[in-house]
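An overview of the molecular structure
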Amino acid sequence: MQYDLIIKNGKIVSSESTLECDIAIVGEKIVALGKFNDVESKKIIDAQGKYIMPGVIEAHMHCQAPFQGCLGANTFYEQSISGAFGGVTMFMDFANMKKGDSPYKQVLARAEEMQESAIDFSVHGKFVESTEEAINDIKKMAEAGIPTFKIFMTYKKEGVMSDDETMLKVFESAKEVNGLPMVHCESNAIAEANIEKCQLKNDMSWVNFAKCKPILCEAEAFDRAVNFAEYVGNALLVVHTTNEKALNTARRAHEQGLPIYVETGPHYLTLFDDLYKNENGYLAICSPPLRNSKEAEALWKGLQDGTISLTGSDDCTFDIDEKSMFLEKNEDGTWKQDFTKVVNGLSGLEVRLPILLSEGVNKGRLSINKVCALTSTNIAKIYGCFPQKGVIAPGSDADIVIVDMEKEVILSKDTLHNNISYCLHEGMKIKGYTIMTIARGKIIIENDQFKGEKGRGRFIKRKINSQYLKKYGLN
Ligand code: URP
Ligand code: ZN
Ligand code: ZN
């Protein structure tokens, strides 16, 4: 047989084990694993000493998404390049929604916008209200290969919050189509009441942003969403979880077998709320807010013990100009701090895998197999594109990232490829980095260069295995 690509001598990582063998690729697919000596192949890569992982899947990002008066700096094509440098071979964004919009039409429009991507892609539905028409769209979305539906429990003033009635209806209708609700858990009531108190005191400092959205603000909403899921009898995915209290709720749910899937992001593992004390602390404003190192350690524990099933970057491409566009300065040139005038969100698409390799694997907190599960396999399973994605196996798409666990990189706005002129991880030493990214059989990152093509990404239809929705567990 004539192969297109053979990757030899690498250590192939799955969520379960690491295997030393070769990978044979024909066209866009992996066709065999084994030892391939004296075979014909158009290209052979020697990956001696390197780890070969399934391509990273990003299921939580906001690109070109109008929010709080901002849009984001990058196009989907630019984001696909930045992601590819961090090993991302598929990403999913959310439909842009406002009241009156059809969720179904909006996911189709979003998929159209994403066509320019160099990597494969999908879209999540989003709900901001529960009119009959909107709820009826759930079935249409699932039939179109979009079985995941986002709900925000906060951002009322921004016009994207779902009230409890909407949440309940979406949960119920999602259940009928093997769909999975994804929820941003923060109590709007707690956040808004606190913000009003700060406004009365005229103290809108960056530090007070975090104080307005304390752990209980998140944990209350987390509990409520879990209770709704239990009541309806469907699975739930909670995005960007930041704290131990919420994890303990998830643990109790898991003990009962409830399919509650928890995501956290690299920023909550590595950045802390002391950043809000800085003059430029507005750059770290995201929701939920950054917490302290104790909560971060609880998150690492949650990753280790399986309470957290997946990671997502929650990438936003707000550059300094957008982060500061509604702010004013004092006479001495310092910011007139007002956190309500700062768009929420941080970038992170490119650094998720490197941070987990460096802070997780190389610091002995996580096995590389766990990182594989958290960045790819579990995401493919939960979001319904496994085994096409998320695993290196015959028949799967040849979405592969080659990793050098010895490679050292200093994170910086200059070393990343996201066109953003600041980096909250500036100066952070990373050991363990991607050296090659292959998307559907084509090398798209090699020798620190992007070699992909605009528009080569394809829309991936998804369908979730119902076993993951009935009972907690991803085996
Ligand atoms: O601060 C954040 N996370 N901004 C993006 C929107 C969201 O809440 O996920
Ligand atoms: Zn969110
Ligand atoms: Zn988000």
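Described below are features of the structure shown in this document. (Residues numbered from 1 in each chain as written. Chains lettered and ligands numbered in written order. Predicted model: local features only at pLDDT ≥ 70, side-chain atom pairs only at ≥ 80, totals over all residues. Heavy atoms only, no water.)

**Some thoughts on the coordination of the zinc ion (ligand 2)**
Binding of the zinc ion (ligand 2) to the protein goes through His 184 (ND1) and His 240 (NE2), at separations of 2.0 to 2.1 Å. In this structure, the zinc ion (ligand 2) is coordinated by 4 donor atoms arranged in irregular fashion, with angles at the metal of 57 to 144 degrees. A separation of 3.5 Å is found between the zinc ion (ligand 2) and the zinc ion (ligand 3). One end of the pair, His 184, is in strand 12 (residues 180–184); the other, His 240, is in the loop between strand 13 (236–238) and helix 8 (244–255), and 56 residues separate them in sequence. (Donors = N, O, S within 2.8 Å, 3.2 Å for Na, K, Ca; no water. Tetrahedral: all angles 85-135°; square planar, octahedral: opposite > 155°, others 65-115°. Helix = DSSP H or I, 4+ residues; strand = E, 2+ residues; numbered from the N terminus.)

**Concerning helix 2 (residues 103–114)**
Between its first and last C-alpha, helix 2 extends 16 Å over 12 residues, near the 16 Å set by a 1.5 Å rise per residue. Every buried residue of helix 2 is accounted for by Pro 103, Val 107, Arg 110, Ala 111 and Met 114. Across the axial projection of helix 2, the buried residues extend over an arc of 100 degrees, all falling on one side. Facing away from the buried side of helix 2 by over 90 degrees, the exposed positions are Lys 105 and Glu 112. Buried residues in helix 2 make contact with helix 1 (76–85), strand 9 (88–94), strand 10 (120–127) and helix 3 (132–143). (Expected span 1.5 Å × (residues − 1). Buried < 20%, exposed > 50% of the residue type's maximum accessible area, 1.4 Å probe, protein only. Arc of directions from axis to C-beta. Contact = heavy atoms within 4.5 Å.)

**Focus: the coordination of the zinc ion (ligand 3)**
Within the protein, His 60 (NE2), His 62 (NE2) and Asp 314 (OD) serve as the donor atoms for the zinc ion (ligand 3), at 1.9 to 2.1 Å. Taken together, the 4 donor atoms surrounding the zinc ion (ligand 3) define angles of 87 to 138 degrees at the centre, an arrangement classified as irregular. Here the donor residues of the zinc ion (ligand 3) share one chain and are spaced in sequence as H-x1-H-x251-D. Given the relative accessible area of 15%, His 62 is considered buried. For Asp 314, a relative accessible area of 9% corresponds to the buried category.

**Things to note about the environment of His 254**
In this structure, His 254 sits in helix 8. Taking the relative accessible area as the measure of exposure, His 254 reaches 15% and is therefore buried. Beyond its immediate sequence surroundings of up to four residues, His 254 is in contact with Ile 260, Thr 307 and Tyr 472.

**A few points about the sheet that holds strand 4 (residues 22–26)**
Here we have 4 strands laid out as an open sheet, ordered 5-4-1-6, and mixed in their pairing. Unpaired on one side and paired on the other, strand 5 (29–34) and strand 6 (40–46) mark the two borders of the sheet. Strand after strand, the sheet turns through a mean of 25 degrees between neighbouring axes, direction not considered. As defined by bridge partners, strand 1 (residues 2–8) adjoins strand 4 across 3 bridges and the pair is classed as antiparallel. Bridge pairing in strand 4 places Ile 7 opposite Ile 23. (Pairing = 2+ DSSP bridges. Axes fitted to C-alpha atoms, helices over the stretch in contact; angles between N-to-C directions.)

**Notes on the state of the cysteines**
All chains considered together, the criterion is met by 0 disulfides. We note that Cys 316 lacks a disulfide partner, and the nearest cysteine sulfur, in Cys 286, lies 8.7 Å from it. The thiol of Cys 423 is unpaired, and the distance to the nearest cysteine sulfur, on Cys 286, comes to 14 Å. (Disulfide = S-S within 2.5 Å.)

**Let's talk about the packing of helix 4 (residues 164–176) against helix 7 (residues 215–232)**
Their axes nearest at 10 Å, the elements helix 4 and helix 7 cross at an angle of 40 degrees. By the angle class used here, helix 4 and helix 7 are oblique. Helix 7 is crossed by helix 4, and the crossing has right-handed handedness. Listed contacts from helix 7 to Asp 164, Met 167, Leu 168, Phe 171, Glu 172 and Lys 175 of helix 4 are Arg 224, Ala 225, Phe 228, Ala 229, Tyr 231 and Val 232. A per-class count over the contact of helix 4 with helix 7 returns 8 nonpolar, no polar and 4 charged. (Parallel < 35°, antiparallel > 145°, perpendicular 65-115°, else oblique. Left-handed = near helix turned anticlockwise from the far one by under 90°. Nonpolar A, V, L, I, M, F, W, Y, C, P; charged D, E, K, R; others polar.)

**Some points on the site of ligand 1**
The full set of residues close to ligand 1 is His 60, His 62, Phe 152, Tyr 155, His 184, His 240, Cys 286, Ser 287, Asp 314, Cys 316, Asn 344 and Gly 345. Between ligand 1 and Asp 314, the relevant distance is 2.7 Å, taken from a nitrogen atom to a side-chain nitrogen or oxygen of the residue. Here an oxygen atom of ligand 1 sits 3.2 Å away from a polar atom, N or O, in the main chain of Gly 345. For ligand 1, whose free accessible area comes to 260 Å², the fraction covered by protein is 98%. Residues that form the shell around ligand 1 fall into these classes: 4 nonpolar, 7 polar and 1 charged. (Near = heavy atom within 4 Å. Polar contact = N/O pair within 3.5 Å; in protein donor to acceptor, adjacent residues only side chain to side chain. Areas by Shrake-Rupley, 256 points an atom, 1.4 Å probe, with all protein chains shown as cover.)

**A short note on the pairing of strand 1**
Of all 7 residues in strand 1, 5 are buried; the element is thus mostly enclosed. Relative to strand 6, strand 1 runs parallel, the two sharing 6 bridges. Note that in strand 6 the partner of Ile 6 across the bridge is Ile 44.

**Some points on the pattern of salt bridges**
Under the criterion given, the structure shown has 31 salt bridges. For Asp 4, the salt bridge identified is with Lys 42, shortest N-O distance 3.0 Å. Placement of Asp 4 in strand 1 and of Lys 42 in strand 6 is noted, with a sequence separation of 38 residues between them. For Asp 4, a relative accessible area of 23% gives the class partly exposed. Take Lys 42: its relative accessible area is 65%, and that puts it in the exposed class. Close ionic contact of Glu 113 with Arg 110 constitutes a salt bridge, the shortest N to O distance being 3.1 Å. Taken together, the positions of Glu 113 and Arg 110, both in helix 2 and 3 residues apart, correspond to about one turn of that helix. The class for Glu 113 is partly exposed, based on a relative accessible area of 36%. Judged by its relative accessible area of 1%, Arg 110 falls in the buried class. A single salt-bridge network, built from bridges that share partners, covers Glu 28, Lys 29, Asp 120, Lys 389, Asp 397, Asp 399, Arg 440 and Arg 458. (Salt bridge = Lys/Arg side-chain N within 4 Å of Asp/Glu carboxyl O.)

It is worth stressing that arrangement in space is one thing and function is another; only the former is reported here.
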